[in-house]
Amino acid sequence: ALKLLTPQDLAGETVLVTAGPTREEIDPVRYITNRSSGKMGYAIARAARLRGARVTLVSGPTCLPVPRGVELVRVGSAVEMREAVLPRADGAGIIFKAAAVADYRPTVRASQKLKKGKDDLSRIELERNPDILAELGRLPGGRVLVGFAAETDELEANATAKLSAKNLDLIVANDVTREDVGFDVDTNEVRLFFADGRRLDLAKMSKFELAGELLDQALALKKQKTG
Ligand code: CTP
Ligand code: CA
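The following refers to the structure shown. Fair warning: this is a prediction, and the values are worked out from it, not measured in the lab.

**A look at the overall build of the protein**
In terms of regular secondary structure, the protein is built from five helices and 14 strands. Over its C-alpha atoms the protein spans a radius of gyration of 18 Å, differing by no more than 12% from the 17 Å that the globule rule assigns to 227 residues. For the protein, the spread of C-alpha atoms along the three principal axes comes to 60 × 40 × 35 Å. Taking all 227 residues of the protein together, 46% fall into the buried category. Residue pairs in contact within the protein that sit at least 24 positions apart in sequence constitute 61% of those at least 6 positions apart. When the accessible surface of the protein is totalled, it reaches about 11800 Å², and 49% of it is carbon and sulfur. Side chains of the protein give 35 positive and 32 negative charges; the mean places of these two sets differ by 5 Å.

**Structural notes on the layout of surface pockets**
The calculated volume of the largest pocket comes to roughly 860 Å³. Lining the largest pocket are 38 residues, with A99, A100, V101, F148 and A150 positioned closest to its centre. Among the secondary structure elements, those contributing two or more residues to the lining of the largest pocket are α1 (39–50), α3 (132–138), β9 (144–151) and β10 (170–175). The leading source of residues in the lining of the largest pocket is β9, at four residues.

**What about the pattern of salt bridges?**
Per the stated rule, a full pass over the model turns up 21 salt bridges. One salt bridge in this structure joins D184 and R35, with 3.1 Å as the shortest N-O distance. A residue pair is termed long-range when its members are at least 10 positions apart, and D184 in the loop between β10 and β11 (187–188) and R35 in the loop between β3 (30–33) and α1 qualify at 149 residues. Residue R143 is joined to D90 by a salt bridge in which the shortest nitrogen-to-oxygen separation is 3.4 Å. Taken as a pair, R143 in the loop between α3 and β9 and D90 in the loop between α2 (78–89) and β6 (94–97) lie far apart in primary sequence, 53 residues in all. For R143, a relative accessible area of 9% puts it in the buried group. Classification of D90 by relative accessible area gives exposed; the value is 66%. Each of E156, R191, R199 and D201 takes part in salt bridges that share partners, so that together they form one network.

About the thresholds
Residues numbered from 1 in each chain as written. Chains lettered and ligands numbered in written order. Predicted model: local features only at pLDDT ≥ 70, side-chain atom pairs only at ≥ 80, totals over all residues. Heavy atoms only, no water. Helix = DSSP H or I, 4+ residues; strand = E, 2+ residues; numbered from the N terminus. Rg over C-alpha atoms; globule rule 2.2 N^0.38 Å. Buried < 20%, exposed > 50% of the residue type's maximum accessible area, 1.4 Å probe, protein only. Contact = heavy atoms within 4.5 Å. Areas by Shrake-Rupley, 256 points an atom, 1.4 Å probe, with all protein chains shown as cover. Lys, Arg positive; Asp, Glu negative; His and termini not counted. Charge placed at Lys NZ, Arg CZ, Asp CG, Glu CD. 1 Å grid on protein atoms, 1.4 Å probe; cavity = no way out; pocket = protein on both sides within 12 Å on 5 of 7 lines; lining within 4 Å. Points joined across faces, edges and corners; volume = space filled by probe spheres on them. Salt bridge = Lys/Arg side-chain N within 4 Å of Asp/Glu carboxyl O.

In structure tokens form, the structure reads like this:
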């Protein structure tokens, strides 16, 4: 019924969304992760599907129900996320990179559980993960690339630096020091920074409503790009 009331303005469009954290295993019972419920990415996937898009959702571990009609690809680590995302980028017209990707992974994963008396657990050697979004930004093609930036300080400077470094069309920035919006909750309040220098401060709203706003902006950018 919801679909009947929703304009199908994304029909014919393929939208790729990443959501949730990644999980970088230390041993079979321990891992390093980032804070992310996946709610923002899942809301985007659901809203895009309701508007008629073909939607693929590449998701790290979350507790959320799979949005109806969305193709879900479950991944664990950042490396797995990269392997799921890059081959699907070519077919996507709009990409939302909402996942909170771990920047580092343990250099080795122990196949057996490490024991605190026997193994040295006080130090874990880490190595850098690939920056999936930066790789997407280097691909040729007219797709629209939307990144996310969760910041505790210097929001504008940090977000706009990522916008240009990763060659994005739009970055969605939020202040994660606030408890009423962002992490874990169903509401968000974000600032948008566009590649052409425009900016837009959005009011506090539900993540589903915000998903609709972000899809409006991405669709407008897509139309600009493809003429
Ligand atoms: N991102 C990614 N791959 C990574 C790290 C980040 O694709 N290895 C993407 C995120 O999905 C997000 C954007 O890049 O859309 C910004 O992520 P963020 O963690 O804020 O930026 P970083 O470039 O990792 O910088 P830092 O964590 O040092 O602030
Ligand atoms: Ca990061």
